[in-house]
Amino acid sequence: MSHSPSQALRPMSSSALLKFIRAYGQETAVLLSLLVIVVVVSLINPNYLGPANINNMVAGNAYIAVAAIGMTMIILLGHIDVAIGALIGVLASIAGTLAVSGYPVWVCWLVPVLVGVFIEAVVGVLVAYARIPAIVVTLGVVSILKGGLITVTQGVWISNLPPEFLIAQFRLFGIPSPVYFMILLTIAAGVWMRYAPFGRAIYAVGGNVEAARTVGIRPERLTVGVFALHGMFAGIAAVLFGTQLQVIQSTVPNNLELTIITASVIGGVSIIGGRGTVYGSTLAAIFFSAVSSALVFLNISAYWLRAVLGVLILATVLADAMRRRQIH
Amino acid sequence: MLSRYVFRHETILALLLVLALALSANLSDRFFTVDNLLNQGRMLTEVGIIAIAMTFVIITGGIDLSVGSILGLSAITLGVVWKTLGVPLPLAMVVAVLAGAVCGAVNGVIIIKSRMPPMIATLGTLALYRGLAEGISQARSVRGYPEWFFVLGQGEFFGVPTQLWVFGLLVVVAAIILGYMTFGRVTYAVGANETAARFSGMNVDRAKLLIYTASGSMAALAAVIFVSRVSTTRSDMGMGIEMDAISAVVLGGTSIFGGRGTMIGTLLGILLIQTMKNGLTLAGVKGDGTIIVIGSILILTILISNLVNRKRD
């Protein structure tokens with residue numbers, strides 16, 4: 001009886017837990033905050049955890065989570081993309097225009113993804129080879145995309161979308177398809193970044209470009225590749241975003257880029273690069289919906305939502321900064 | 001010796017501006033009328049005032065994404081303090097500008113104390129300040145300002161729009177501070193090498209705090225002018241104006257990495273953007289077509305400037 005199995009395991013499991021928390025501290029914090037909100041709000045108003053609202057919370061922001069995967073990679077590299085909101089608006093309109101013109105649905109889904117890859121690859125070339133800071137390139141791209149979109153569509157909404165095109169409204173086992181996209185893409189990207197050489201190289205370049213260069217990584221090529229990949233996630237996000245409703249508004253969604261960047265940052269991505277995972281950004285995207293939905297269920301005016309989000313951003317980043325200073 | 005001036009970013013910009021002016025005048029005979037030019041001055045003032053302070057911010061290697069939200073919050077403060085609390089309007093204007101200064105100081109304190117990158121800190125306060133504006137106003141607008149208040153945004157002074165005097169004065173003062181005073185030298189030093197600046201005994205934190213506070217105050221001043229120009233207060237005022245201001249500053253040759261930039265460059269950047277907007281609009285291009293050109297010019301100018309400068313290095 002002196003050594004029960006559970007006792008023997010305890011020291012090991014607690015150190016494993018510590019290790020896990022150290023590696024995924026921010027992700028754990030976001031998850032815990034999410035749980036706290038869900039528990040507290042559902043105690044006050046049980047309807048919060050009704051199936052309809054859960055679906056709404058998780059599926060409604062799935063496209064933000066998908067876009068935040070690519071944004072996380074970009075920020076890990078030490079870059080930024082402020083054009084992602086405009087890009088999603090443009091790609092969704094391309095998808096919708098193709099759909100109402102009678103193209104097969106797979107074309108309507110594929111073309112925006114390819115266009116996204118192309119545009120972001122061009123951005124990547126300008127950043128990596130022409131050495132223009134990403135924020136400057138993407139600031140310019142915002143204007144080009146915004147202006148281009150409104151000039152072409154004249155702001156007319158795209159309606160009469162064929163039902164088979166509306167992929168975000170498909171369900172499998174009663175669960176909306178965006179949820180599957182979000183979960184599968186997050187896990188795939190997370191595993192890829194942890195184990196694949198290309199994925200690991202992102203952390204290497206984000207951590208120290210010159211060190212990465214000496215071990216044989218070509219940062220310029222990697223940057224273009226990561227931007228192209230980011231464009232792919234933007235394309236998928238755009239298709240999910242554009243097929244959520246029966247119409248596509250063919251305008252650029254306001255402040256969408258900030259929501260996506262914020263999801264990545266709250267999820268634990270260090271803006272200086274080199275640290276963070278896509279699990280955190282996806283949790284953060286769900287966390288946003290949970291908070292905005294909580295305001296509704298607690299009868300708080302939705303006009304306070306942005307203020308609450310602002311406090312959350314500052315609190316998480318402050319906590320992160322303080323934790324890092326303790327380690328040093 | 002000559003090539004040093006020819007290849008300066010500001011020279012390239014000035015040439016572009018002359019070209020844009022000539023083209024605009026060619027495209028429409030309404031461009032070079034006094035009325036049109038003065039009216040354009042009215043349009044560029046708000047972005048311009050914000051871009052002045054943003055130049056200092058970016059030269060220190062920072063960025064202030066929250067200026068649009070500070071503009072919104074200051075506008076709401078003005079409206080609420082005057083209408084709801086019944087404070088006399090001149091005092092409410094002061095309170096509004098002070099509110100902006102406080103917002104800016106909060107940015108500064110967060111950035112200095114937490115060592116958080118300015119982009120993230122001001123991304124947080126962008127959401128926070130806009131959220132406060134929306135929460136306080138509950139999307140209700142404030143109207144019914146007295147006639148005298150519109151002098152600032154709609155009136156003239158010696159035939160020139162009132163706000164253009166304010167803008168001109170601020171540009172001159174800012175150019176002198178940045179180019180000829182100790183504070184300007186400190187600003188460049190912080191952006192070029194913050195650690196070196198600290199070791200040289202410069203009060204880096206004080207400089208940063210002052211600059212972010214100034215950035216907030218300028219956004220608030222722009223808010224008061226904005227409200228006076230459009231005769232109403234709304235919580236969504238100034239949304240996205242940070243991007244216009246940053247574009248103008250960067251187009252003006254200020255390096256986003258800090259340490260480099262001039263007030264003349266920023267002024268040229270603002271004038272060039274406004275000229276192109278106006279010229280293209282008068283030539284019949286829809287408002288949205290004009291921003292495509294501006295985005296392209298932004299990327300191309302920096303690209304050319306990079307290439308020219310890399311060859312010379």
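The shown structure was predicted, so the numbers you read here are calculated from the model rather than taken from an experiment.

Chemist: Describe the overall build of chain B, with residues and values.
Modeler: Looking only at helices and strands, chain B features 14 helices and two strands. For 313 residues, the compact-globule formula gives about 20 Å, and the C-alpha radius of gyration of chain B, at 20 Å, lands near that figure. Each principal axis of the C-alpha distribution contributes one length, and for chain B these read about 60 × 55 × 35 Å. In chain B, the share of contacts with a sequence separation of at least 24, taken over all contacts with a separation of at least 6, comes to 77%. Of the roughly 13500 Å² of accessible surface on chain B, 67% is carried by carbon and sulfur atoms.

Chemist: Describe in detail a nonpolar patch on the surface, supporting the description with residues and values.
Modeler: Together, V36, V39, V40, L43, I44, L298 and I300 of chain A give the surface a local cluster of nonpolar side chains, amounting to about 630 Å² of exposed area. Mapped onto the fold, I300 of chain A is located in the loop between helix 13 (278-297) and helix 14 (305-327).

Chemist: So, the interface of chain A and chain B: which residues are in play, and what are the values?
Modeler: Tallying the contact residues gives 43 residues for chain A and 44 residues for chain B. Taking both sides of the interface into account, the surface hidden between chain A and chain B amounts to around 3600 Å²; carbon and sulfur atoms contribute 78%. Our count for the chain A to chain B interface comes out at one salt bridge. As a salt-bridge pair, R306 of chain A and E134 of chain B come within 3.0 Å of each other at their nearest N and O atoms.

Chemist: Give a detailed account of unusual backbone geometry, specifying residues and quantitative values.
Modeler: Positioned with a positive phi, R131 of chain A is a non-glycine residue whose angle comes to about 60°. Residue R131 of chain A is classed as partly exposed on the basis of its relative accessible area of 48%. The backbone of S231 of chain B shows a phi angle near 65°, a positive value even though the residue is not glycine. Within the secondary structure layout, S231 of chain B lies in the loop between helix 11 (204-230) and helix 12 (241-251).

Chemist: Lay out the nonpolar core in plain terms, naming residues and giving numbers.
Modeler: As a rule of thumb, nonpolar side chains are buried together in soluble globular proteins. In this structure, I132 and I260 of chain A together with L78, Y145, F149 and I246 of chain B are the most contacted members of the largest nonpolar core, which totals 181 residues. It is helix 4 (residues 62-76) of chain A that contributes the most residues to this core, 13 residues altogether. With sequence-adjacent residues up to four places away left out, L78 of chain B is seen in contact with L89, A92, M93, A96, Y145, F149, V224 and V227 of chain B. Residues V186, A197, V204 and A207 of chain B belong to the second largest nonpolar core, which totals six residues.

Chemist: Give a description of the packing of aromatic side chains that names residues and reports values.
Modeler: Residues and elements named next belong to chain B. On inspection of all chains with the given rule, the structure shows ten aromatic pairs over all chains. Here the aromatic rings of F157 and F158 are separated by 5.2 Å at their centres, their planes lie at 70°, and the arrangement is edge-to-face. Look at F157 and you get partly exposed, because its relative accessible area is 48%. For F158, a relative accessible area of 73% puts it in the exposed group. Joined through ring pairs, the aromatic side chains of W82, Y145, W148, F149 and F150 make up one cluster.

Chemist: Quick one: what's the story with the pattern of salt bridges, residue by residue and with numbers?
Modeler: All names here are of chain B. Evaluated as defined, the whole model comprises nine salt bridges over all chains. With a shortest N-O distance of 3.2 Å, K208 and E194 are connected by a salt bridge. Here the residue K208 occupies a position in helix 11, and E194 occupies one in helix 10 (residues 194-199), the gap between them amounting to 14 residues. Relative accessible area serves as the criterion here: at 13%, K208 is assigned to the buried category. With a relative accessible area of 27%, E194 lands in the partly exposed category. Linking D236 and R234 is a salt bridge whose minimum nitrogen-to-oxygen distance equals 2.6 Å.

Chemist: Residue-level account of the environment of A220 of chain B, with values.
Modeler: All names here are of chain B. One can find A220 in helix 11. Overall, the relative accessible area of 0% leaves A220 in the buried class. In this structure the C-alpha to C-alpha distance between A220 and V67, which are 153 residues apart in sequence, comes to 8.5 Å. Excluding residues within four positions of it along the chain, A220 makes contact with S74, A96, V97 and G100.

Chemist: Tell me about the packing of helix 12 (residues 256-266) of chain A against helix 6 (residues 118-137) of chain B, and name the residues and values.
Modeler: Taken N-terminus to C-terminus, the directions of helix 12 of chain A and helix 6 of chain B make an angle of 125°; their axes are 11 Å apart at the nearest point. By the criterion of interaxial angle, the relationship of helix 12 of chain A to helix 6 of chain B is oblique. In this structure, the crossing between helix 12 of chain A and helix 6 of chain B has a hand that is left-handed. Contacts from L258, I261, T262 and V265 of chain A in helix 12 of chain A reach I120, L123 and L126 of chain B in helix 6 of chain B.

Chemist: Describe the environment of I84 of chain A, and please don't skip the residues or the numbers.
Modeler: Residue and element names in this part refer to chain A. Within the secondary structure, I84 is located in helix 5 (residues 84-100). Residues I84 and I260 lie 176 residues apart in sequence; the distance between their C-alpha atoms is 8.2 Å. Non-local contacts of I84, meaning those with residues more than four positions away in its chain, are made with M71, H230, A234, E257 and I260.

What counts and what doesn't
- Residues numbered from 1 in each chain as written.
- Chains lettered and ligands numbered in written order.
- Predicted model: local features only at pLDDT ≥ 70, side-chain atom pairs only at ≥ 80, totals over all residues.
- Heavy atoms only, no water.
- Helix = DSSP H or I, 4+ residues; strand = E, 2+ residues; numbered from the N terminus.
- Rg over C-alpha atoms; globule rule 2.2 N^0.38 Å.
- Contact = heavy atoms within 4.5 Å.
- Areas by Shrake-Rupley, 256 points an atom, 1.4 Å probe, with all protein chains shown as cover.
- Patch = residues over 30% accessible without salt bridge, like charges linked within 9 Å, V, L, I, M, F, W, Y side chains within 5 Å.
- Salt bridge = Lys/Arg side-chain N within 4 Å of Asp/Glu carboxyl O.
- Buried area = accessible area lost by both parts, 1.4 Å probe.
- Buried < 20%, exposed > 50% of the residue type's maximum accessible area, 1.4 Å probe, protein only.
- Core = buried A, V, L, I, M, F, W, Y, C linked by side-chain atoms within 4.5 Å.
- Phe/Tyr/Trp six-rings, centres within 6.5 Å; stacked < 30°, edge-to-face > 60°.
- Axes fitted to C-alpha atoms, helices over the stretch in contact; angles between N-to-C directions.
- Parallel < 35°, antiparallel > 145°, perpendicular 65-115°, else oblique.
- Left-handed = near helix turned anticlockwise from the far one by under 90°.

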